[in-house]
Amino acid sequence: MKEKVDYLVRASYILPMSEGLPVIEDGAVAVRGSRIIDIGGYEALRSLYDTETILGGEGRAIIPGFVNTHTHAAMVYFRGLADDLPLKEWLEGHIWPAESRWLSHDFVYDATRLACLEMVKAGVTLYNDMYFFGDAIADATKDIGMRAVVGVGILDFPTVAAKTTDEYFEKAIAFIERWKDDHLVRPAIAPHALYTCCTDTLLRARELSDRYMVPLHIHLSETEWEVNEIRKRYGKLPALYLDLIGFLNERVLAAHCVWLGHEEIETLGRNNVSVSHCLESNLKLASGIAPVPEMLGSGIRVTFGTDGAASNNDLDVLSEASTAAKLHKAISKDPTVLNSRTALLMATRWGAEALGLGDVTGSLTPGKEADMVILNLERPHLIPLYDIYSHIIYSARASDVETVIIGGRVILNNGELRIHDESEILQKAMEWGKRIKDREGNSLAS
């Protein structure tokens, strides 16, 4: 007698992103409940499992969901607020003042729903956030049905989220306690950066990460200004100072890492630190280009982040992977650098592993959560097809995402959100946008 499963997902190509990076042609994935039961050839699985439901089909590709390892989701409501500016001016002169005027639980909740909608439609099933009002982020994420690591932002100066460093930590502890056992949302601790957090704050964040065994997320060496500032304060390069104070370990995920020296790269690799490469944001803010080939060569697990939509200006991980794979070739004058297989690995399995969720998601392996994306290959820009990895990285677009499954649940089907009213999310976003535009006035154009 055949074993019962909830459904099979069929495709012309399956890229499990497991060890060896195999390709399964005319394959299927068997799903029961939230988990993957089996993966293999379609006819073989049809002979083993009984189901009335088959998703996908010919002319489709199945991959694990993309992982966005660094973003500030709620900043999607500030998309286009202040463009074509250097980071320091953009942040201090425009974004921080806007946040002080607008951030609230309701703002963050509504904005995060829009961000999640955008990410799901682009095939992102898991994202790593660093922001404020963590409960609003977590609730909005679960409302859409996504998976997230929510980092509670820590700073040494007051914001609308907290007035003192102690208050930031009190709220972080409360958030971790509330969400530490949730199925979709995992808590993290997120000290903003070395230039906004003193040594004591950084060490307190590390201690909290140790106590609860949660990820530790930080901006690192994003700009040349930051590197020079830290050298003035501490007499050391940023990554070397973090190593000196005992901050670095395998739970640390460092965002940007644009201005790293060779010794710093070796230090991050030795400490098993993961890196979130936010190329398009770094390009737009003219912050520089991270030395990704050298990081990969030193054994660093490099992943992709979009940063917030206020500085990117989208949340499309596939676009990040495609841009990175091409740009690093040009910079290094080596067309073999960051090939399509490595880029897709960075966008999927390595992202999950960097967030401490490699045993849960990131690859299509029996026993893991059924987090996967179905791409429609029957598009003019995807025909003919010779190498599926090459096609996904160099030819596919976010609009080719047809179906998204998270934890066995079909979140997006035929490009439409299934579990929430998409129009209500968009309407709410337009209402907030009008209020922001009316309040900010002519400053938006300055």
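Quick look at the structure, then. (Residues numbered from 1 in each chain as written. Predicted model: local features only at pLDDT ≥ 70, side-chain atom pairs only at ≥ 80, totals over all residues. Heavy atoms only, no water.)

Here we take up the overall build of the chain. Counting secondary structure elements, the chain contains 16 helices and 18 strands. The C-alpha atoms of the chain give a radius of gyration of 21 Å, which matches the 22 Å a tight globule of 446 residues would have. When its C-alpha atoms are laid out on the principal axes, the chain stretches across 65 × 45 × 45 Å. Here the chain, with 446 residues, has 61% of them falling under the buried criterion. Sequence-distant contacts, at least 24 apart, represent 72% of the contacts inside the chain between residues at least 6 apart. Charged side chains in the chain number 45 positive and 63 negative. The centres of these two groups are separated by 1 Å. (Helix = DSSP H or I, 4+ residues; strand = E, 2+ residues; numbered from the N terminus. Rg over C-alpha atoms; globule rule 2.2 N^0.38 Å. Buried < 20%, exposed > 50% of the residue type's maximum accessible area, 1.4 Å probe, protein only. Contact = heavy atoms within 4.5 Å. Lys, Arg positive; Asp, Glu negative; His and termini not counted. Charge placed at Lys NZ, Arg CZ, Asp CG, Glu CD.)

Our focus in this paragraph is helix α9 (residues 262-270). Within the sequence span of α9, burial applies to E264, I265, T267, L268 and G269. The inward-facing, buried residues of α9 contact β11 (216-220), α8 (238-244), β13 (274-277) and α11 (292-297). Remark: N272 follows α9 within two positions and exhibits a positive phi of approximately 60°.

Ordered in space as β4-β3-β2-β6-β15-β16-β17-β18, the eight strands form an open sheet in which the pairing is mixed. Whereas interior strands pair on both sides, the edge strands pair on one side only; in this sheet they are β4 (35-41) and β18 (416-417). Summarising the sheet, strand β6 (residues 54-64) and strand β15 (residues 372-376) pair through five bridges and their orientation is antiparallel. Bridge pairing links A61 to L375 in β15. (Pairing = 2+ DSSP bridges.)

Closest axis-to-axis distance for the helix α4 (residues 134-144)/helix α5 (residues 165-179) pair is 10 Å, and the angle between their directions is 25°. Here α5 runs roughly parallel to α4, going by the angle between their axes. In this structure, α4 uses G134, D135, A138, D139 and K142 to contact α5, whose residues at the interface are F175, R178 and W179. (Axes fitted to C-alpha atoms, helices over the stretch in contact; angles between N-to-C directions. Parallel < 35°, antiparallel > 145°, perpendicular 65-115°, else oblique.)

To continue, consider the pattern of salt bridges. Pairing of side chains with opposite charge becomes possible as their charged atoms draw close. In total, this model carries 31 salt bridges according to the counting rule given. Here R113 makes a salt bridge to E424, at a shortest N to O gap of 2.8 Å. Note that R113 is positioned in helix α3 (residues 105-121) and E424 in helix α16 (residues 422-440), a separation of 311 residues in sequence. By relative accessible area, R113 is classed as buried at 4%. Here K434 and D438 are joined by a salt bridge, their closest N and O atoms 2.9 Å apart. (Salt bridge = Lys/Arg side-chain N within 4 Å of Asp/Glu carboxyl O.)

The next subject is the nonpolar core. Generally speaking, soluble globular proteins have nonpolar side chains that are buried together. Counting 127 residues, the largest nonpolar core has F78, W90, F107, L268 and M295 as the members making the most contacts within it. Examining the composition of this core, we find that nine residues originate from one element, α3, more than from any other. Non-local contacts of W90, meaning those with residues more than four positions away in its chain, are made with M75, A82, L85, I95, L285, A310 and S311. Of all hydrophobic cores here, the second largest spans 17 residues; its members include A11, I24, A370 and I374. (Core = buried A, V, L, I, M, F, W, Y, C linked by side-chain atoms within 4.5 Å.)

Another point: the packing of α5 against helix α6 (residues 199-212). It is the contact of α5 with α6, at a shortest axis distance of 12 Å, that shows an interaxial angle of 15°. The angle between α5 and α6 falls in the class roughly parallel. In terms of crossing hand, the pair formed by α5 and α6 is right-handed. Counted together, T165, D166, F169, A172, I173, I176 and E177 of α5 and T201, R204, A205, L208, R211 and Y212 of α6 form the full contact between these two elements. Along the lines of polarity and charge, the residues of the contact of α5 with α6 split into seven nonpolar, two polar and four charged. (Left-handed = near helix turned anticlockwise from the far one by under 90°. Nonpolar A, V, L, I, M, F, W, Y, C, P; charged D, E, K, R; others polar.)

The next thing to look at is α6. The end-to-end C-alpha distance of α6 is 20 Å, a good match for the 20 Å that 14 residues give at a rise of 1.5 Å each. Buried within α6 are the following residues: T199, T201, L202, A205, R206, L208, S209 and Y212. Residues of α6 that are buried make contact with β9 (147-154), α5, β10 (185-191), β11, α7 (224-234) and α8. One or two residues past the end of α6 sits M213, with phi positive at roughly 55°. (Expected span 1.5 Å × (residues − 1).)

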